[in-house]
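This is what each chain is made of:
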Amino acid sequence: MSEVLLDVKHLKQYFNVGRKDEVKAVDDITFQIFEGETFGLVGESGSGKSTTGRTIIRLNQPTDGTIAFDGKDVMKLKSKSEMKNFRRDIQMIFQDPYASLNPRMKVRDIIAEGIDINHLAKTEKERNQRVDDLLKTVGLNPSHGTRYPHEFSGGQRQRIGIARALAVDPKFIVCDEPISALDVSIQAQVVNLLQDLQEKHRLTYLFIAHDLSMVKHISDRIGVMHAGKLLEIGKSDDIYYYGVHPYTESLLSAIPKPDPDYERTRKRIKYTGEQDDATDRNMQEIEPGHFVYCTDEEKIMYQEKLFKKKGK
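Read on for a plain summary of the structure.

1. Some details on the overall build of the protein chain
Of regular secondary structure, the protein chain possesses 11 helices and 12 strands. Expected size for 312 residues packed as a compact globule is a radius of gyration near 20 Å; at 21 Å, the protein chain falls within 12% of this value. With the C-alpha coordinates of the protein chain rotated into their principal frame, the extents come out at 65 × 50 × 45 Å. Of all 312 residues assigned to the protein chain, the portion counted as buried reaches 49%.

See the structure below:
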């Protein structure tokens, strides 16, 4: 098994702490991401997925918990040099390709910003060559470097965002719903590009998305998140075909299929979330590598449900 690259334990991210409008965006979650894998994080809007990603890369200051990256405690990084090295190793592709690029900067300067900050190019010629290579890597023409973001389509802008993330040779990339703002025809192109880049540059991804079927396609393992809590974690096939938590089943029931007969009879499973409030629940392993947020009694029930789903 690969080594653990990211180790998150009991992470909490609360806003407006101590006030009436306190929000528990991320509420005591624990997971690991292994080197070279893609860990998918799915859930509805407001479940805490993006906040988790932003907290991991220290855009937010965690309320509690620990984050270890490559064996180092991220929360103990204090000096500018330590933070610079950390930010070079871990990058983010943002959700909105329209808002995440500075409209006043040319594409060449947007991509080269990380190169300049980390002094990765000794000369202007070397800098420009690196940018040209990055543009080619993401399927764009080097001549595009002289243009501004508004001159590109959504898919092209997202490719620019990917090139910017790759510019500093990171080990880990948080992909924060990188395809949700794109046309369906472009989504597959961007996902395939991410997979090709992962293989070529030995990258590790945290892939955040709504679409469970797309996450299943790209991920090695999947975590299902709701109301700030991780409810189920397992291999992508185990979650997609044998998910047992009621919320996972609710997400799966909402996936449409190109089959009119199926769509006419498809029944959406509703999930209230009331059972998540119990304090005696924690992540329990119902089979090797498959975890569910439940009590000791519920663990037996979920194991029986999994047994039936697999037809054993």
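Continuing now.
2. Thoughts on the sheet that holds strand β1 (residues 4–15)
One open sheet accounts for four strands, arranged β2-β1-β4-β5; its pairing is antiparallel. The sheet is open, and its two borders are formed by β2 (23–34) and β5 (72–73), each paired with just one other strand. Of the pairings in the sheet, the one linking strand β4 (residues 64–69) to β5 comprises two bridges and is antiparallel in character. By the bridge assignment for β5, F69 is matched with K72.

3. What to know about the side chain of H144
Take H144: it is sitting in the loop between α4 (124–137) and α5 (154–166). Sequence-distant contacts of H144, defined by excluding residues within four places in its chain, comprise V107 and F152.

4. Concerning the packing of aromatic side chains
Scanning the entire structure with this criterion turns up six aromatic pairs. On the basis of an interplanar angle of 80° and a centroid distance of 5.9 Å, the ring pair of F69 and F86 is categorised as edge-to-face. Pair noted here: F69 is in strand β4 and F86 is in helix α2 (residues 80–89), with a separation of 17 residues, a long-range link. With a relative accessible area of 4%, F69 lands in the buried category. Given the relative accessible area of 5%, F86 is considered buried. Aromatic side chains F69 and F172 sit 6.0 Å apart centroid to centroid with 75° between the ring planes, which places their arrangement in the edge-to-face category. Separated by 103 residues along the polypeptide, F69 in strand β4 and F172 in strand β7 (residues 172–176) bring together distant segments of the chain. Given a relative accessible area of 0%, F172 falls into the buried group.

5. So, helix α1 (residues 49–56)
Burial analysis of α1 places six of its eight residues in the buried class, the great majority of the element. The complete set of buried residues in α1 reads K49, T51, T52, G53, T55 and I56. Once α1 ends, the next one or two residues include R58, with phi positive near 70°.

What counts and how
Residues numbered from 1 in each chain as written. Predicted model: local features only at pLDDT ≥ 70, side-chain atom pairs only at ≥ 80, totals over all residues. Heavy atoms only, no water. Helix = DSSP H or I, 4+ residues; strand = E, 2+ residues; numbered from the N terminus. Rg over C-alpha atoms; globule rule 2.2 N^0.38 Å. Buried < 20%, exposed > 50% of the residue type's maximum accessible area, 1.4 Å probe, protein only. Pairing = 2+ DSSP bridges. Contact = heavy atoms within 4.5 Å. Phe/Tyr/Trp six-rings, centres within 6.5 Å; stacked < 30°, edge-to-face > 60°.

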